[in-house]
Amino acid sequence: MAVQSGVHDEFVDKFVDRVRQLQVGGGFDPGVAIGPLIDRHALAKIESHIADALGKGGVIRCGGDRIGRNGTFFEPTILTDISSEMTVAQEETFGPLAPIIRFEDADQVVREANDTIYGLAAYFYASNLKRVWRVAEALEYGMVGINTGRMSSEAAPFGGMKQSGIGREGSRHGLEDYLEMKYLCMGGI
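Residues numbered from 1 in each chain as written. Predicted model: local features only at pLDDT ≥ 70, side-chain atom pairs only at ≥ 80, totals over all residues. Heavy atoms only, no water.

Trainee: Explain helix α4 (residues 129-138) residue by residue, including any values.
Mentor: Taken as a whole, α4 has its buried residues at V132, V135 and A136. What you see down the axis of α4 is that its buried residues fit within an arc of 100°, all on one side. Opposite the buried face of α4, by more than 90 degrees, sit the exposed residues K130, W133 and E137. For α4, the secondary structure elements touched by its buried residues are α3 (106-114), β8 (121-124) and β9 (143-146). Two or three places before K130, at the opening of α4, N128 has a side-chain oxygen 2.9 Å from that residue's backbone nitrogen. (Buried < 20%, exposed > 50% of the residue type's maximum accessible area, 1.4 Å probe, protein only. Helix = DSSP H or I, 4+ residues; strand = E, 2+ residues; numbered from the N terminus. Arc of directions from axis to C-beta. Contact = heavy atoms within 4.5 Å. Polar contact = N/O pair within 3.5 Å; in protein donor to acceptor, adjacent residues only side chain to side chain.)

Structural data, given as structure tokens:
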């Protein structure tokens with residue numbers, strides 16, 4: 001995630017406080033918000049992303065460790081001082097890891113957000129409508145959530161750009177993959 005410099009420090013402090021309150025455990029246990037990773041490969045991946053970031057100047061603000069010796073539970077983790085050269089900024093982690101990149105202006109954050117081979121979903125918050133349209137159109141993502149983190153719906157097309165997929169699921173656009181288009185051109189009738 002990228003956070004504008006003017007609110008970065010305050011945001012990170014509040015985010016860390018909130019993440020520290022998250023309970024990790026079995027999905028059927030009351031109050032649990034974070035379950036286990038899918039397998040040991042996912043555990044190794046999150047650990048390698050963190051190690052790479054720390055080796056390149058990243059800072060752990062909370063979390064960063066496995067929970068217990070058995071199983072695949074991992075602490076919700078926040079990393080700051082993240083740069084686009086770090087693996088965590090270039091690959092999908094699929095674990096409870098929030099890397100935070102500081103940015104100055106909309107042009108910088110769009111440039112850095114687009115500097116990846118992936119393009120499934122992007123989210124941003126802004127109140128200036130000119131900026132909203134400029135940023136939304138410049139982002140190379142199949143889905144863009146503006147001022148919301150909940151944009152998936154059966155009525156909306158779901159799908160990405162670049163190496164995050166071709167085509168769409170859901171909505172009327174999702175039917176197109178199941179249809180054959182035929183072009184008829186008649187002359188001399």
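Text resumes after the structure shown.
Trainee: Mind laying out helix α1 (residues 5-20), listing which residues take part and the relevant values?
Mentor: With 16 residues, α1 extends 23 Å between its outermost C-alpha atoms, agreeing within 8% with the 22 Å of an ideal straight helix rising 1.5 Å per residue. A bend of about 30° at F11 is the largest found in α1. The set of residues buried in α1 consists of S5, H8, V12, V16 and V19. The elements touched by buried residues of α1 are β1 (2-4), β4 (59-62), β5 (77-80) and β7 (101-103). The N-cap of α1, judged by a side-chain oxygen 2.6 Å from the amide nitrogen of G6 a few residues on, is Q4. (Expected span 1.5 Å × (residues − 1). Bend = angle between axes of the 7 residues up to and from the residue.)

Trainee: Residues and numbers for the pairing of β9, please.
Mentor: Side chains M143 and G145 of β9 all project onto a buried face; the interleaved residues V144 and I146 project onto a face where none is buried. Pairing of β8 with β9 involves four bridges; the strand directions are parallel. If you follow A121 over to β9, its bridge partner there is M143. The parallel pair β8 and β9, bridged by α4, forms a crossover whose chirality is right-handed. (Pairing = 2+ DSSP bridges. Right-handed = clockwise from strand over helix to strand, strands pointing away.)

Trainee: Can you explain the environment of G188? Please cite residues and give values.
Mentor: Position of G188 among the secondary structure elements: in the segment after β9. Judged by relative accessible area, G188 falls into the exposed class, the value being 88%. In the structure, G188 is positioned 134 residues away from L54 in sequence and 71 Å away in space, judged by C-alpha atoms.

Trainee: Provide a residue-level description of the packing of aromatic side chains, including the pertinent values.
Mentor: In the structure shown here, the tally under the stated rule is one aromatic pair. Positioned above the aromatic ring of Y141 is the side chain of K162, whose terminal nitrogen or guanidinium carbon lies 5.8 Å from the ring centre. (Phe/Tyr/Trp six-rings, centres within 6.5 Å; stacked < 30°, edge-to-face > 60°. Lys NZ or Arg CZ within 6 Å of the ring centre and 35° of its normal.)

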